[in-house]
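These are the residues of each chain, in order.
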Amino acid sequence: MLNLTSLTKQYGALAALSAVSFEVAPGERVALLGHNGAGKSTLMKIVLGLIPFDAGQVSVLGAAPGSAQARAGVAYLPENVAFHPALTGEEQIGLFLSLRGESPARARDLLGRVGLHDAARRRIGTYSKGMRQRVGLAQALIGRPRLLILDEPTSGLDPVSRRDFYALLDDLAAEGAAILLSSHALTEVEARTDRIVILSGGHLVARGTLSSLRAKADLPVTLQITPAPGQEARLAEALPEAVRVGGQLHLSSAQGQKLAALARVAGLGAMVADLDLIPPSLEDIYSHFSRRDGQ
Ligand SMILES: Nc1ncnc2c1ncn2[C@@H]1O[C@H](COP(=O)(O)OP(=O)(O)OP(=O)(O)O)[C@@H](O)[C@H]1O
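The structure presented is a predicted model; accordingly, all values stated were derived computationally and were not measured.

Q: Looking at this structure, I do not really get the site of the ligand. What am I missing?
A: Taken together, the residues surrounding the ligand are Y11, L14, A16, H35, N36, G37, A38, G39, K40, S41, T42 and H184. The backbone of G37 places a nitrogen or oxygen atom 2.7 Å from an oxygen atom of the ligand. Separating an oxygen atom of the ligand from a side-chain N or O atom of K40 is a distance of 2.8 Å. Bound to the protein, the ligand loses 59% of the 640 Å² it would expose on its own. Only strand 2 (14-24) and helix 1 (40-47) provide two or more residues apiece to the shell around the ligand. Of all the elements, helix 1 adds the most residues to the shell around the ligand, at three residues. Looking at the shell around the ligand residue by residue, the classes come out as four nonpolar, seven polar and one charged.

What follows is the structure in structure tokens.
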């Protein structure tokens, strides 16, 4: 669906993208992560054919970005999608359908698809941000796109709206659409995407499934230990390297030492009321890879 090979883009002396390669297959949801200025928007604009690139290859549905064939199958949802507040959802989507040469009567179907059936005849000015974002997605679904490019689609949405939004993306991916989305909300992409691509200073610094990135980063796990009543001081003495966090102790352990650390805590017997093993978060992994190039 989308193939990038050694994609390079310069803005004057600044290398916005340096030899970036990855692909998005049909039915796959890929998250593009990176700090401000990492090159995410530049990459999306190139894929959409909005700006030229300097070197490498870009194949969008087997065609050149921006070509008629690519444009026919690609949908884009910008971060801050704006609609005319006086139009109803149905009128707005109907208008876009007409522009694409399709029957405006399909508007209700599309709005139903994104959970806006009941609000279809209300003015968009009365919609919440989450509802407006869904109008944007309904618009993106016009013409049954095979590749969806979503620029921070859930920024500003509450947790329930985010969950609903991702459920919609799951359905689209299950139907075979390829999805590339950028996000700053790291914890949510963890459960909701198949693969992650991390850009840092225009370089691709990591790509893979979250579990493969976890293994590669080899970051320590944290043993979160709850002392039995009245045992906190004794427990802290027995684990001098542990850090007190609230009423608990946090003991950091290298991946390879995990079982030994568990055995050590288990050996403390009645001093311990409870134990949780906390794997490195996506934020930890993300920082690990984005800082590798000294960015
Ligand atoms: N038109 C332009 N002319 C010159 N430099 C640009 C231009 N557009 C972007 N840049 C620079 O290219 C780099 C990558 O920018 P880009 O907008 O792609 O990053 P981003 O990852 O999308 O960031 P954000 O998360 O802030 O949207 C930045 O250093 C930016 O300042």
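Q: Before we go on, may I ask you to explain the nonpolar core in this structure?
A: Grouped together as the largest cluster of nonpolar side chains are 48 residues, with contacts concentrated most on I93, L148, L169 and I198. At six residues, the largest contribution of residues to this core is made by helix 6 (residues 159-174). Within the second largest apolar cluster, 26 residues are counted, among which are L43, L48, V58 and I149.

Q: Would you mind showing me how to read helix 11 (residues 282-290) here?
A: Since the α-helix advances by 3.6 residues per turn, residues separated by three or four positions end up pointing in the same direction. Restricting attention to buried positions, one finds in helix 11 the residues L282, I285, Y286, F289 and S290. Burial along helix 11 is one-sided: seen end-on, the buried residues are contained in an arc of 120 degrees.

Q: Is there a simple way to explain the sheet that holds strand 2 in this structure?
A: The strands that make up a sheet are held in pairs by hydrogen bonds between backbone atoms, and each pair lies either parallel or antiparallel. Within the open sheet, the three strands sit side by side as 2-1-4. Their pairing is antiparallel. Looking at which strands have only one partner, the edges of the open sheet turn out to be strand 2 and strand 4 (55-60). Pairs of neighbouring strands in the sheet enclose a mean axial angle of 25 degrees, with direction left out of account. Pairing between strand 1 (residues 2-11) and strand 2: seven bridges, direction antiparallel.

Q: Can you walk me through the side chain of S183 in this structure?
A: With respect to the secondary-structure elements, S183 resides in the loop between strand 7 (178-182) and helix 7 (186-192). The class for S183 is buried, based on a relative accessible area of 3%. Those residues within four positions of S183 in sequence are excluded, and the remaining contacts are L32, L33, E152, E188 and V189.

Basis of the calculations
Residues numbered from 1 in each chain as written. Predicted model: local features only at pLDDT ≥ 70, side-chain atom pairs only at ≥ 80, totals over all residues. Heavy atoms only, no water. Near = heavy atom within 4 Å. Polar contact = N/O pair within 3.5 Å; in protein donor to acceptor, adjacent residues only side chain to side chain. Areas by Shrake-Rupley, 256 points an atom, 1.4 Å probe, with all protein chains shown as cover. Helix = DSSP H or I, 4+ residues; strand = E, 2+ residues; numbered from the N terminus. Nonpolar A, V, L, I, M, F, W, Y, C, P; charged D, E, K, R; others polar. Core = buried A, V, L, I, M, F, W, Y, C linked by side-chain atoms within 4.5 Å. Buried < 20%, exposed > 50% of the residue type's maximum accessible area, 1.4 Å probe, protein only. Arc of directions from axis to C-beta. Pairing = 2+ DSSP bridges. Axes fitted to C-alpha atoms, helices over the stretch in contact; angles between N-to-C directions. Contact = heavy atoms within 4.5 Å.

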